[in-house]
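A structural walkthrough
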Amino acid sequence: MQESSIMASLGIALLIMALSGPTLAFVPIGGGGSTHVSITRKAVLQKVEEACRVVVEAAGHEFKPTGTSPEQLVQACLGPTAAGEVSGSKFHSSLQEIYFQNRMVDRDFVNSAPHHFNSEAFLEGRALITEGTVAIKANIRNENFQAARETLGRVLHTLQDFYSHSNWVELGYTEPYDNLIIPSLPLENLADKDTATCYDCETGACPNPILANILEEKKLTSGYMGIFSASKPKGKCSHGGADDLTSTVAPRGGINKDERRSDNLDLHNAAVNAATAASLQLLEDIRLAAGDNGFLRMMGIARSSVLCFVIDTTGSMSDDIEEARNVAYEIIDSKKGTQDEPSEYILVPFNDPDFGPLIRTTNPDKMKSEISKLTAMGGGDAPEMCLSGLQLALTGAPSSSHIYVFTDATAKDIYLKDIILALIGSTKSTVSFFMTTSSRRRRRSVRAASFEDYKELALASGGQAIQVSKKELSRATDVILDTSTSALVTVLQRARNPGKQETFPFGLDESLKNVTIYITGTSITFTLTDPTGVSQSHSEATGKLGSIQTVGNLRRIRLNPEKNTGTWKININSVEPYTLKVTGQSIITFIYDFVEHFGGPHPGYAVLSGRPSAGQPVTLMLSVMGRKGPSSITVEDIGLVKVSDLEAVTSGNMTDMGNGEILVTVDEVPEGGFVLLLKGTDKESNTELQRQSTTQMSVSKVNIKAAVDSSAEPGKPLTLSFSVMTQGAGDVYSVSARNDRNYPMTYPSSLALTTNENVNATLSITPPADTPSGTDVTLTIETKSSTGLDSNYIVLRLSVVTKITDFIQPLCEVTSVVADDCPHDKSQCGSFYWQLSANLTDGKGTGIETLFLHQGSGNLSHTVLTAPTVEANYNASCCSQIAELVAVDKVGNVGKCYHSIVPSGGPPTVTLPLPLWLCLLVSVFIVRS
């Protein structure tokens, strides 16, 4: 926990702490120590590496990471099964989601004793861990991985705080408290509310002020924390620290071990070690319940982007559906087994009035089957429910996905446009529209929609709006083949409305492959020039620089592979609106989040959901990924640039914390939509590089805050609190909320705001009683001024989880072991075998759902899992001397059965279930975890 390699990996956490002052949750002070993020990082990377090793070796490959960075880990995990380079950006993004949700517990639940195991709230804190773990497992089963990651970050924070805020390590314990994550086991020997636990520490810095009798009796207690009040029960320990008002009331001082100080070095280290071990224990339980592949998918380990189609199925769409089918088949067939093979396939059909369901699969043959079932019918007029289908895709697909919409009609549900823009901003997904024309009669809607709405949505997301005839559609879909690829990056994107003649420079570095330029618009001429001065005009379909394809309003320019590095230029001339986009493939990229500073006793930075605040600096957390880690990149400038205006870039002030983590503060934010532009140097090739984010963002004077505190239960209302504040003039702001499941909700339709004052409100949402456990809900709340000129939003994810009463793990009893033939000398084991038989039951539980071999290289067979008793048989070479069977029931409880063969003369075989502490004393034991 204290090694220099781990300390070098603290990244964002160190940056947060360095800039935000003292906090109360695992704080590095005095040149050392650990944070929640470093503890979480160490545990997560270890479990991911273990799962990767199993998956890679099971496929017959050697697992050989070239380093310890996330990029190198994901390449080792996926590289053997896919030739070529694989980007680690999705894994990085997933890690950041976990880290930030962990940190946000200190903002959203700062005064909640259970979330931090303060004030002896042991039962309540354990309940949060139990509820969260159940939700995580249910989300993974339903492939709702983002919701699982967010909950995991919060649960890990609470679990880790137990070891810093209680007296567990003062009692002499060095291992995790198993009962915290095993709900069937009681929390024992808790200090009574009237029992004094600490003596008075006059200096306020006593290393261990726990009373002697509490230590002798092994009573469990935690410090009381008072943010707004100094009151605490008589004789109770305080949390301690300047922000704890109770620490000045006798008994003074505190028992937290968040900081590493000279007077508590051993206790801090012990708390960190126990918290790390507990995090590993929880992650292992989740991993076993999910399986290695499910666990890795939850962690964002994926070869390539998701292939997501949103398809209009009305009567006039026969040709379009056929083309979408052809493209999907071509991608599936041509990219199978390569680094560009999609990691997941999603299909969302829409018609009128129906849309959905969302169909998700990792099986390419199933995707073929599903898309082959699409038929065009109905919809004799326009418009259709396009945005409803797109909403399902944006909430169902992973963040940063590429979504392709096929339609020949405008949107009937144009009222969802603001929600779609909010979801695009929240997910950073790219939406491209393939728009064909039809002869369908246009029906007037409340607000007449047009294809211009699709163009605005595409531009806001960094996608394309391609308008072609139905006969031309097949030639336009090469864009999908280009963008459904691994390690796709954007070099430049600009838009002009109205059009004008302008020259756009952009830099190409040596790492970029398959560079493609897209221009959409009409009546366009252009000239492309490389760094050596060689030019090619729009009229040269095949030239010295590349090949040009023109279809409908799209010009697609594919540069030749032997392109020159350096500054290229493209001069575009048109009086009509147009867009320009330059993309390529490279593992040199970056991820980012807009963040905001929060105060209180646990200050820090939290991810901003919604638009940044107007009239003040914008802050971003940015992670850079190079070909050999972040050290192979020099970042020279990071700034904000308007896509639809002049080229001027508002540069940010950078604080480089090492390990590729950078805090960027931009004092003057451009008005209107802007994106992030990064420039630097690739040290591997000594070439200048340029990367741009795709999703446009803007600022707002109004702000919404909310947090998800718990899961929802089917058939029961869940109430969420939210607050709205404006920096502008007082006004009546409208409030609208939508969720992607169409669950009924109640909330105020408007709020009267005054300048700089928070107005609190509540929203109630009720999932139907038959909602499957593990369903996730994406909830968007938007507020808008009466003039409609200022608005903001917040996007929340919550889980619907059926109340679980079965917390008993499946039981395993070894009935026989035949290993007498195994030789003492392992070098002679090759021609000898051993066998194990076991019975597994789930008693009155939900029933065993899966049974698999977690350790061992033999063969496992078993009877049907639906039987009251499952008989398992294991056969292995004597060279494979251990076996671990894992049984998972239908709600995710995990039972394990472990055996290690011992040569003749060793200890006897034990076949009865034993308590965990006794399992270490025998060669065969049952672990109930």
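This text follows the structure it describes.
Residues numbered from 1 in each chain as written. Predicted model: local features only at pLDDT ≥ 70, side-chain atom pairs only at ≥ 80, totals over all residues. Heavy atoms only, no water.

Some thoughts on the sheet that holds strand 26 (residues 687-692)
- Pairing is antiparallel across the open sheet formed by four strands, whose spatial order is 22-21-25-26. Edge positions in the sheet fall to strand 22 (649-651) and strand 26, since each has one partner strand and no second. Each strand axis lies, on average, 30 degrees off the axis of its neighbour in the sheet, ignoring direction.
- In this structure, strand 21 (residues 633-642) lies alongside strand 25 (residues 674-682), joined through nine bridges in antiparallel fashion. Residue Ile638 lies in a different strand from strand 25, and its bridge partner there is Leu678. (Pairing = 2+ DSSP bridges. Helix = DSSP H or I, 4+ residues; strand = E, 2+ residues; numbered from the N terminus. Axes fitted to C-alpha atoms, helices over the stretch in contact; angles between N-to-C directions.)

Examining the layout of surface pockets
- In this structure, the second largest pocket spans a volume of roughly 1200 Å³.
- In this structure, the second largest pocket is lined by 46 residues; those nearest its centre are Glu456, Leu459, Ala460, Ser644 and Gln696.
- Elements with a contribution of two residues or more to the lining of the second largest pocket: helix 14 (417-427), helix 15 (451-461), strand 8 (465-467), strand 9 (488-496), strand 11 (513-521), strand 17 (578-585), strand 33 (775-784) and strand 34 (791-800).
- Looking at the lining of the second largest pocket, the element that brings in the most residues is helix 15, giving six residues.
- A per-class count over the lining of the second largest pocket returns 14 nonpolar, 20 polar and twelve charged. (1 Å grid on protein atoms, 1.4 Å probe; cavity = no way out; pocket = protein on both sides within 12 Å on 5 of 7 lines; lining within 4 Å. Points joined across faces, edges and corners; volume = space filled by probe spheres on them. Nonpolar A, V, L, I, M, F, W, Y, C, P; charged D, E, K, R; others polar.)

A short note on the packing of aromatic side chains
- Scanning the model with the defined rule gives 18 aromatic pairs in all.
- Between Trp168 and Tyr173, the ring centres sit 4.1 Å apart and the planes meet at 25 degrees, which makes this aromatic pair stacked.
- Judged by its relative accessible area of 8%, Trp168 is buried.
- One aromatic cluster is present, formed by Phe117, Phe122, Phe162, Tyr163, Trp168, Tyr173 and Tyr177 through successive ring pairs.
- Residue placement shows Lys218 over the ring face of Tyr173; its charged tip is 5.0 Å from the ring centre.
- Across the ring face of Tyr592, the terminal group of Lys428 is positioned such that the distance to the ring centre comes to 4.9 Å. (Phe/Tyr/Trp six-rings, centres within 6.5 Å; stacked < 30°, edge-to-face > 60°. Buried < 20%, exposed > 50% of the residue type's maximum accessible area, 1.4 Å probe, protein only. Lys NZ or Arg CZ within 6 Å of the ring centre and 35° of its normal.)

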